[in-house]
Amino acid sequence: MRLSPRSPALLVPLLAAATVSAAAAPSCSDSRSLDCAPASSEQHLLPRDGDHGHGGHNHHAQPLLELNETEVTMYHAPTAPSYFWLDIKEPPADETRHPGLMGLHALFMSLAFFGALPIGIALRSVKHAWHGVTVIFFYAFVVLGLSTSALYRKLTPNMSVLSGAPPLPLCGSKHGSQGYLFLACAVALSALDVFSQILRLVTYVRAVYSGEDRFSLKTVWNYVILDRDEHFSGAEAEYTNLVVEEPEELEDAELKAKDIEDEPLHVRRARVVEPIRTDLEMHQQDDHDETAQWANDVHRHRRQPSYPHSAASERTLFGAHSPQRSDDSLHEAGHVYPWQGKSKREVLRFIGRAAFAVCERCLVFAGLLQVTTGIVVYTGGCRGNYLNGCLAHLIKGGIFWCYGLVTFARFLGSFSELGWAWNRAPRHHGKYPTAEFVESFVIFLYGVTNTWMERFGAHAGDPYTTKQMQHISIAVMFWFAGLVGMGIESKTIRRWLAAGATSAVPATSRSQEAIAEPPSYVGSFNPFPALCIGITGAAMSAHFQTYLFQVQIHMVWGYLLSGFAVMRCLTYFFLWLGPPRSILPSRPPTEALAAFLLACGGLEFMFSTEELTIAAMRQGHDDVMMFLNAGVAITCLAFCWTLLVVGFKGWLKSHHQREMKFHGSA
């Protein structure tokens, strides 16, 4: 091969570098010197710092096929006996074990947190009379669960004491203390319930003594016990039918469609469904104004002294500004946000109820946390050097698991009142934070906290290892991608971004008419939450592991998370072509797949802990298909539970509101 005229110029610096290296190299008289080893020897390559492998394998090493017990014991203490091992796997012949008590403990606590609690939340949403019964069942199951746990601990020796091992950081103390903390939160919420009932009782008694209302057992039951804002008896009863219902019942108003059968199909699809407004109503509107003002004056005179009321209660069915649409005609009234037009007391009440609902629903996820820590304690996991990696996998995988269940609930129709079920919000459309904004905020919060947690276990002054840089870079991606996602969802920033187009319009061509927004402005198409999760899955599927089985498990959940990102982007693609125009949940099928992939990926993430994979290899259960099928089965079970809870809540609402009629939009 002939060299080009430029080749000598390229060879000069290479020869100079080789000469300097040869001069600086130590003598090969010492055969033990690594520099005298053949250049092709892989075992003498510098190991990558911070590798997950026990022996510091270099980046060219192939994952091992068989477990090296000697290497495992060099970096981890021998596995101590666990409650699960002595109760089920190898029970001692000279000792009586009681695994049934632990099974009853798990059963009763699961019935409390995953049975009575979500049913009670659904019953509370419609202020059902049986809500108090579910509260009683919740605490009954909790008492039974605590009793069986105490009896089991009484009859079973402490494994850490029996094995002579030091106290475990994540052992029973954490599981128990966290459990009692969550139970204290549940008791506090119940106490708030009782306190609010006492306040309503005092308010009602004062109204009776002052003569503003007459005593009625029905009113006591509906107002004091069930917290239903009923209209009271007495002098006000004569005008009760003139006053509109409260905001919760305004959502149940019947929607009637216009007669559009003669219009072309593409026009009907582009039309937002609105109720019929007849000519008679338009002509009689002025006549009704006087009657409406009279009825409102009477209503304010009777209710103002004692009973709190909302802004919607000040309107009558005859008023010119009475709500004619499902969005409460907010622009006509001048109230564009849910909290506008309300007194400070009503705003505080709104905030308090929202905080109460969030805390009550968080107890369900707290139950999941207790299930996870309970399994860890019973199986003796997360000990010694396994602790940090165990916590990382369980916490992060648990977040993806819960995120997947919430995504599936959104697909079924949860949060449709906020417009989060791929629909238009029935009221205050565009005034609630979008679901994508909440997702971006959670991702941002996750990245901010996790960036610094990756240095847990490192000493001051230690250099950043490759492993730490891998995980910190992912956390930083979550941090700033979450910020970008929140910025995109900000309406103020959107207006700033649109200023380039509006400023280009000549001043002489501008008019006072509003600029028409494109149809895509109806929804939110923010790919950054899906982008973060998809890239995380793609990166972790290539994560270095010591054993081939560990590599395969990481590839499984990495591909599942990446699949979620693909499905979410397909959802945005199809909704971009046809944005939602109805208040009903649109249920894009790609979201059902996305939810399943995300939840199953989070569960496989939890399964991929180093300790669990090593235990599977020891027992001969290192089968990827078994791990995947177990995760799929558990995910399907959880989805079935989610469907039952969301469906039960929908059934309750459908039986506590007036029947609504629907028409086809095709």
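A brief report on the enclosed structure follows. As the structure is a computational prediction, the values presented were derived from the model and not from experiment.

### Here we look at the overall build of the protein chain
Now for step 1: Helices and strands together make up the secondary structure of the protein chain, namely 23 helices and zero strands.
Now for step 2: Pairs at least 24 apart in sequence give 76% of the contacts found in the protein chain among residues at least 6 apart.
Now for step 3: Only carbon and sulfur atoms are counted for the fraction: they give 65% of the accessible area of the protein chain, which is about 38700 Å².

### Looking at the nonpolar core
It is characteristic of soluble globular proteins that their nonpolar side chains tend to be buried jointly.
Now for step 1: Counting 52 residues, the largest nonpolar core has Trp401, Ile533, Phe564 and Leu598 as its most contacted members.
Now for step 2: When residues of this core are traced back to their parent elements, those giving at least two are α15 (387-412), α16 (435-453), α17 (466-489), α19 (528-540), α20 (548-577), α21 (589-607), α22 (610-619) and α23 (624-655).
Now for step 3: The dominant element in this core, judged by the number of residues it contributes, is α15, at 12 residues.
Now for step 4: For Phe564, the contacting residues outside a window of four places in its chain are Tyr403, Ala530, Ile533, Ala594, Leu597 and Leu598.

### Considering the environment of Leu226
Now for step 1: Looking at the element boundaries, Leu226 is found in the loop between α8 (217-225) and α9 (247-250).
Now for step 2: Separated by 29 residues in sequence, Leu226 and Gln197 have C-alpha atoms that sit 8.5 Å apart.
Now for step 3: When residues no more than four places from it in sequence are discounted, the contact partners of Leu226 are Lys127, His128, Ala129 and Trp221.

### Comments concerning unusual backbone geometry
Now for step 1: In this structure, Lys127 is a non-glycine residue whose phi angle is positive, near 55°.
Now for step 2: Mapped onto the elements, Lys127 comes out in the loop between α4 (99-125) and α5 (131-155).
Now for step 3: If you check the backbone angles, Cys382 has positive phi at about 60° while not being a glycine.
Now for step 4: Among the secondary structure elements, Cys382 is positioned in the loop between α14 (344-379) and α15.

### Here we look at the packing of aromatic side chains
Two descriptors summarise a pair of aromatic rings, namely the distance from one centre to the other and the angle between the planes of the rings.
Now for step 1: Applying the stated criterion to the full structure yields 25 aromatic pairs.
Now for step 2: Taking 6.5 Å as the distance between ring centres and 5° as the angle between the ring planes, the aromatic pair formed by Tyr83 and Tyr378 counts as stacked. In this pair, Tyr83 is assigned in helix α3 (residues 83-89) and Tyr378 in helix α14, connecting sequence segments 295 residues apart.
Now for step 3: Summarising the aromatic geometry, the rings of Trp422 and Tyr572 are spaced 6.2 Å apart at their centres and angled 65° between planes, so their arrangement reads as edge-to-face. Pair noted here: Trp422 is in the loop between α15 and α16 and Tyr572 is in helix α20, with a separation of 150 residues, a long-range link.
Now for step 4: Judged by its relative accessible area of 6%, Tyr572 falls in the buried class.
Now for step 5: Site record: aromatic cluster; members linked through ring pairs are Tyr83, Phe84, Tyr152 and Tyr378.

### Examining the pattern of salt bridges
Now for step 1: The final tally for this structure, using the stated rule, is eight salt bridges.
Now for step 2: Between Glu489 and Arg494 there is a salt bridge whose closest N-O contact spans 3.7 Å.
Now for step 3: A relative accessible area of 7% places Glu489 in the buried class.
Now for step 4: Close ionic contact of Arg568 with Glu591 constitutes a salt bridge, the shortest N to O distance being 2.9 Å. Of the two residues, Arg568 sits in helix α20 while Glu591 sits in helix α21, which places them 23 residues apart along the sequence.
Now for step 5: Arg568 sits in the buried class, given a relative accessible area of 0%.
Now for step 6: Exposure remark for Glu591: the relative accessible area of 0% places this residue in the buried category.
Now for step 7: Beyond isolated ion pairs, a larger network of salt bridges with shared partners links Arg410, Glu439, Arg568 and Glu591.

Parameters and conventions
Residues numbered from 1 in each chain as written. Predicted model: local features only at pLDDT ≥ 70, side-chain atom pairs only at ≥ 80, totals over all residues. Heavy atoms only, no water. Helix = DSSP H or I, 4+ residues; strand = E, 2+ residues; numbered from the N terminus. Contact = heavy atoms within 4.5 Å. Areas by Shrake-Rupley, 256 points an atom, 1.4 Å probe, with all protein chains shown as cover. Core = buried A, V, L, I, M, F, W, Y, C linked by side-chain atoms within 4.5 Å. Buried < 20%, exposed > 50% of the residue type's maximum accessible area, 1.4 Å probe, protein only. Phe/Tyr/Trp six-rings, centres within 6.5 Å; stacked < 30°, edge-to-face > 60°. Salt bridge = Lys/Arg side-chain N within 4 Å of Asp/Glu carboxyl O.

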